[in-house]
Amino acid sequence: MECELMVKNAEIVSSQGRQKGHLLVRQGKVFARLAPGPVPEGLQAQEVIDAQGMMVFPGMVDLHVHIGEPGKEEKEDLSTGTRAAAAGGVTTIAIMPNSVPPVHSATSLRDRAGLIHRKSFVDFCMLGGAGGESVDDIVAQAEAGAVGYKSYVGAYRPDRPGLLCKDTADMLKTLEEVAKTDCFVGFHCEDGPTMRLLQERLVAQGRTDFAAYHPSRPEFTESLATLPLLEVARVTGARLYLVHMSSPWAITLASWWREQGTDVTIETCPHYLLFNEKDTERLGPYAQVAPPLRSIATQQALWDLVNDGTLDVIATDHAPGTPAEKKRGQTNIFAGGGGLPALETVWLTLLDAVKRHKTTAENLAWLMAEHPARIARIYPQKGHLEVGADADMILVNPDATTRFDAEKMYTKNKDAAKIFHGMEVGAKLEMVLQRGQVIAKDLEVTREQPLGAQWVKPHPR
Ligand SMILES: [Zn+2]
């Protein structure tokens, strides 16, 4: 028996548990999984990696990544952003469509996929855009290979034609079209008009300080935006995907609709699990995300929703703000923004949380790999390490530690990673493999050139 690679003595983690043994790779795919112990005679592997003492996870499938290219390269370009993904063990990414020009037609989707294919250091799937002006292009984007769409509500971003449902009528037309496809539609759930009122009141009181950020976007602005979507998804049958949810109340409401049969899945992000409003009070724009970081009690409640199966996905919402955005926020928090880079920290910070008994390794394998792959319909190709899957994996040393150094990160705006700089976590990312080839070691990309990124198209449901 011949194969390209054997990862021997591995402890392979899946959503179902951990299994020891040897993993064989042929033509970039998991070809066999052998029981632990002596390797069978006659087995010839061109390369052997000894994973003794290490945990092996499927590479992360991240359904929420912002890379500005084309048009907003100052935030992140494909070279910096996808190197960050490779370094951090995020082996399949879905990039948000709000580039310039945006993606909300079959042509723009194919064009951007071509660009990503040429430049990306990791595999990818495509998100289209839905809402308003793009309503007649929704089905065509699915036919062109989209796994899902992104959209905004409630005049949250009036500057995003084709990606915005400006009212519930727009929402209905959009979700009716989405329901004709097998794709999900992801929505940013924050109610724009209410947030504007609250912000105006704070500003009138002279409040532009760091601590004014959370009361300008309280949890009920998230549930306000979520409720109409749940209803419209219920009546249209569209697959609804709620992105970066931070409010346990809104999440619990959504799970009630799900229990009644509405097809809704719910994403949260590592920053809501790792940090809280005290970090925003301390770091201002360097801990500024939308929705905002919540209270310590909410942070704990989100872990409970991770562990009881209510939350479906952890995605990064990787979005490094520029130095200018962060600087503006120093004097007026409402002028700041831009988000956090998280591709290089997501695995290690959450593995550290496993060590602190916040959740389990199996839950991470489900929320970060298998379930997002299933939602995007790229499972069984991606998201797990059973026979037949792409051999995308990370090798983790759970007994070592790592200290993050923002200066060494690949993300373009290293300054935006301040919240992670100097943080020590209780794990080390020894190796990242894409389709059986090593692409990174200890947070460093080992390839000069991309491997040849694969555009992963969805399987029919
Ligand atoms: Zn986002």
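Refer to the structure printed above.
Quick look at the structure, then. In this convention, every chain numbers its residues from 1, walking through the sequence in written order. Per-residue local features are limited, in this predicted model, to residues with pLDDT of at least 70; the limit for side-chain atom pairs, both in listing and counting, is 80 or more; totals at the level of whole chains, interfaces and linings are taken over all residues.

## Overview of the nonpolar core
Piece 1. Val56, Ala94, Val185 and Leu242 are the most contacted members of the largest nonpolar core, which has 139 residues in total.
Piece 2. Runs of H or I in DSSP of at least four residues are treated as helices and runs of E of at least two as strands, each being numbered from the N terminus. By residue number, the principal contributor to this core is helix 14 (residues 361-375), which donates nine residues. What makes a nonpolar core is a set of buried Ala, Val, Leu, Ile, Met, Phe, Trp, Tyr and Cys residues, with links drawn between C-beta atoms within 7 Å. The burial label depends on the number of other C-beta atoms within 10 Å of a residue's C-beta. Counts of 20 or more mean buried, 12 or fewer mean exposed, and intermediate counts mean partly exposed, with C-beta atoms placed from the backbone.

## Some points on the pairing of strand 12 (residues 239-242)
Looking along a regular strand, one sees the side chains alternate between the two faces of the sheet.
Piece 1. Side chains Arg239 and Tyr241 project from strand 12 onto one buried face, and the interleaved Leu240 and Leu242 project onto a second face that is buried too.
Piece 2. As paired elements, strand 12 and strand 13 (residues 264-268) share three bridges and run parallel to each other. Paired with Leu240 across the strands is Val264, a residue of strand 13.
Piece 3. The handedness of a crossover follows from its direction of travel: if, with the strands pointing away from the viewer, the path from the first strand over the helix to the second runs clockwise, the crossover is right-handed. Crossover connection from strand 12 via helix 8 (residues 248-259) to parallel strand 13: handedness right-handed. For two strands to be treated as a pair, DSSP must find at least two bridges joining them.

## Looking at unusual backbone geometry
Piece 1. At the junction of Ala290 and Pro291, the peptide bond is cis and its omega measures out at -5° in the coordinates.
Piece 2. By the element assignment, Pro291 lies in the loop between helix 10 (277-283) and helix 11 (296-307).
Piece 3. The amide bond that connects Tyr379 to the next residue, Pro380, takes the cis arrangement and shows omega of 15°.
Piece 4. Examined against the element boundaries, Pro380 turns out to sit in the loop between helix 14 and strand 15 (393-397).

## A look at helix 13 (residues 346-355)
Piece 1. For helix 13, the buried fraction is high: eight of the 10 residues fall into the buried class.
Piece 2. Positive phi shows up at His357, right after helix 13, with a value of about 65°.

## So, the pairing of strand 9 (residues 146-153)
Piece 1. Taken across its eight residues, strand 9 has eight buried, putting it largely inside the fold.
Piece 2. In this structure, strand 8 (residues 123-129) lies alongside strand 9, joined through four bridges in parallel fashion. What sits directly across from Gly129, in strand 9, is Lys150.
Piece 3. A crossover connection joins strand 8 to the parallel strand 9 through helix 3 (residues 138-143); in handedness this β-α-β unit is right-handed.
Piece 4. Of the strand pairs in this sheet, strand 9 and strand 11 (residues 184-188) are connected by five bridges, and their pairing is parallel. By the bridge assignment for strand 11, Ser151 is matched with Phe187.
Piece 5. Strand direction decides the pairing type here: strand 9 and strand 10 (residues 164-165), joined by two bridges, are parallel. Looking across to strand 10, one finds that Tyr152 is bridged to Leu164.

## As for the environment of Leu198
Piece 1. Looking at where Leu198 falls in the secondary structure, it is placed in helix 5 (residues 192-204).
Piece 2. Overall, the presence of 17 C-beta atoms within 10 Å leaves Leu198 in the partly exposed class.
Piece 3. Distance from Leu198 to Pro215, taken between C-alpha atoms, is 7.5 Å for residues 17 residues apart in sequence.
Piece 4. Here contacts are defined at the residue level, using C-beta atoms placed from the backbone and a cut-off of 7 Å between them. If we skip the residues at most four places from it in the chain, Leu198 touches Pro215 and Ser216.

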